[in-house]
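# Residue-level structure breakdown
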Amino acid sequence: MSPSTTFRSHWHAPTVTRRACHYSIATDCSKMINPLSSAQLGKNMGKRMKFTGTKNYVATEDLTIAVNAAVTLERPLLIKGEPGTGKTELAKQVASGLGLEMLEWNIKSTTKAQQGLYEYDAVSRLRDSQLGEERVHDVANYIRKGKLWQAFEANKKVVLLIDEVDKADIEFPNDLLQELDKMEFHVYETGETVRAINRPIVIITSNNEKELPDAFLRRCFFHYIQFPNPETLKQIVQVHHGDIKESLLAAALTQFYELREQPGLKKKPSTSEVLDWLKLLLAEDLSAEDLQRDGANALPKLHGALLKNEQDVHLFERLAFMARSGR
């Protein structure tokens, strides 16, 4: 999409409440870190940033529209899609395309929202007090900054990736609502209020393993990455394997889409898996003719790169058996 493309989305975005622009005025300026002045805010909002993809990432038009809409609205961009469709890579390429640094917060089942802000190491402080350490008198020595804090205090705008948010507890997204909305949070141990110098571009990914709270969804711009069509997937492959022969690519993609569309398949192979499969085909120097299958062998060559559980392997073995027995 060219920079001149006008934003004419079919999205019907909710009315945007500029709550993100309302900052409370602290009476004690010594208790504030990195305050975002209204002048700075206006200056930052005035700078239009436009993502058009990169040479290493094939971004469809609807995806670039979603990225630029989220940047314009100053809302987190919530990206969903099948595993392996490039959600995490998108954040890296947005940072690369816009010339920004990226901070990555990988979410696990045990991750708590507080860890993204800061953690207070009370155990280390207790140990240091027992040893008579001088640093024990300053509680700030025991505050570990989280990814949100790092993004807020950055002197330049950054891309903040919150990866696989659906892995965490159901309350995790709600616990970050105010911080992501107002771009500030309070440090209770020191009495400080941390505010963003430059509002980061926040990209949140989800594999759709669990539903996210409505209050959280309202504050995001949402985009679902559809599995690429054959033409788009061909472009993606050529980015990663530019020397692949046209005949091999055509035969491999035909076989790949036939496999994905097989009824009863438990786990459909993803974009990342077809790239791995093609890498193996090239390493083995296989040709389009080598990929041809007969009814007695329904499994594709090097199928371990595409089929990741025994149920799907057994499915294709049963199809081969049925073809041999003429059913």
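So, here is what we can say about the structure in this document.

## Concerning the overall build of the chain
Broken down by element type, the chain carries 13 helices and 10 strands. A burial count over the chain gives 45% of its 327 residues as buried. Within the chain, contacts between residues at least 6 apart in sequence are counted, and of these 75% link residues at least 24 apart. For the chain, the accessible area works out to roughly 17,600 Å², and carbon and sulfur atoms hold 50% of it.

## Observations regarding the sheet that holds strand 6 (residues 158–163)
The sheet built from 5 strands is open, its strands ordered 3-6-9-2-10 with parallel pairing. The open sheet has two free edges, formed respectively by strand 3 (101–106) and strand 10 (221–225), since each of these has just one partner strand. When strand polarity is set aside, the average angle formed by the axes of neighbouring strands in this sheet is 20°. Bridging between strand 6 and strand 9 (residues 201–206) involves 4 bridges; their strand directions are parallel. Across the sheet, Leu161 pairs through a bridge with Ile203, a residue of strand 9. Those strands touched by helix 2 (residues 61–73) are strand 2 (77–81), strand 9 and strand 10, and its axis lies near 165° from that of strand 10.

## Quick notes on the packing of helix 11 (residues 246–260) against helix 12 (residues 271–283)
The description of two helices packed together rests on the angle between their axes and the distance between the axes. Between helix 11 and helix 12, the least distance of the axes is 11 Å, while the angle of their chain directions is 135°. Viewed along their axes, helix 11 and helix 12 adopt a mutual orientation that is oblique. The handedness of the crossing between helix 11 and helix 12 is right-handed. Contacts between helix 11 and helix 12 pair Leu248, Leu249, Ala252, Leu253, Gln255 and Phe256 from the former with Val274, Trp277, Leu278, Leu281 and Leu282 from the latter.

## Describing the pairing of strand 6
Along strand 6, 6 of the 6 residues are buried, which leaves the element largely enclosed by surrounding structure. On strand 6, burial covers both faces: Val158, Leu160 and Ile162 on one face and Val159, Leu161 and Asp163 on the other are all buried. One ladder, built from 6 bridges, connects strand 3 with strand 6; its direction is parallel. In the sheet register, Asn106 faces strand 6, and the bridge partner there is Asp163.

## A word on the pattern of salt bridges
According to the stated counting rule, one finds 10 salt bridges in the structure shown. Across the pair Lys145 and Glu153 runs a salt bridge, and its minimum N-O distance is 3.0 Å. What makes Lys145 partly exposed here is its relative accessible area of 42%. The class for Glu153 is partly exposed, based on a relative accessible area of 28%. Where salt bridges share partners, they join Lys267, Glu273 and Lys308 into one cluster.

## Let's talk about helix 2
Structural remark: α-helix, 3.6 residues per turn; residues separated by three or four positions point the same way. Between its terminal C-alpha atoms helix 2 stretches 18 Å, which fits the 18 Å expected from 13 residues at 1.5 Å a residue. On its buried face, helix 2 sits against strand 2, helix 3 (87–98), strand 9 and strand 10. Of the residues flanking the end of helix 2, it is Glu74, one or two places downstream, whose phi is positive at about 55°.

Each value, and the rule that gives it
- Residues numbered from 1 in each chain as written.
- Predicted model: local features only at pLDDT ≥ 70, side-chain atom pairs only at ≥ 80, totals over all residues.
- Heavy atoms only, no water.
- Helix = DSSP H or I, 4+ residues; strand = E, 2+ residues; numbered from the N terminus.
- Buried < 20%, exposed > 50% of the residue type's maximum accessible area, 1.4 Å probe, protein only.
- Contact = heavy atoms within 4.5 Å.
- Areas by Shrake-Rupley, 256 points an atom, 1.4 Å probe, with all protein chains shown as cover.
- Pairing = 2+ DSSP bridges.
- Axes fitted to C-alpha atoms, helices over the stretch in contact; angles between N-to-C directions.
- Parallel < 35°, antiparallel > 145°, perpendicular 65-115°, else oblique.
- Left-handed = near helix turned anticlockwise from the far one by under 90°.
- Salt bridge = Lys/Arg side-chain N within 4 Å of Asp/Glu carboxyl O.
- Expected span 1.5 Å × (residues − 1).

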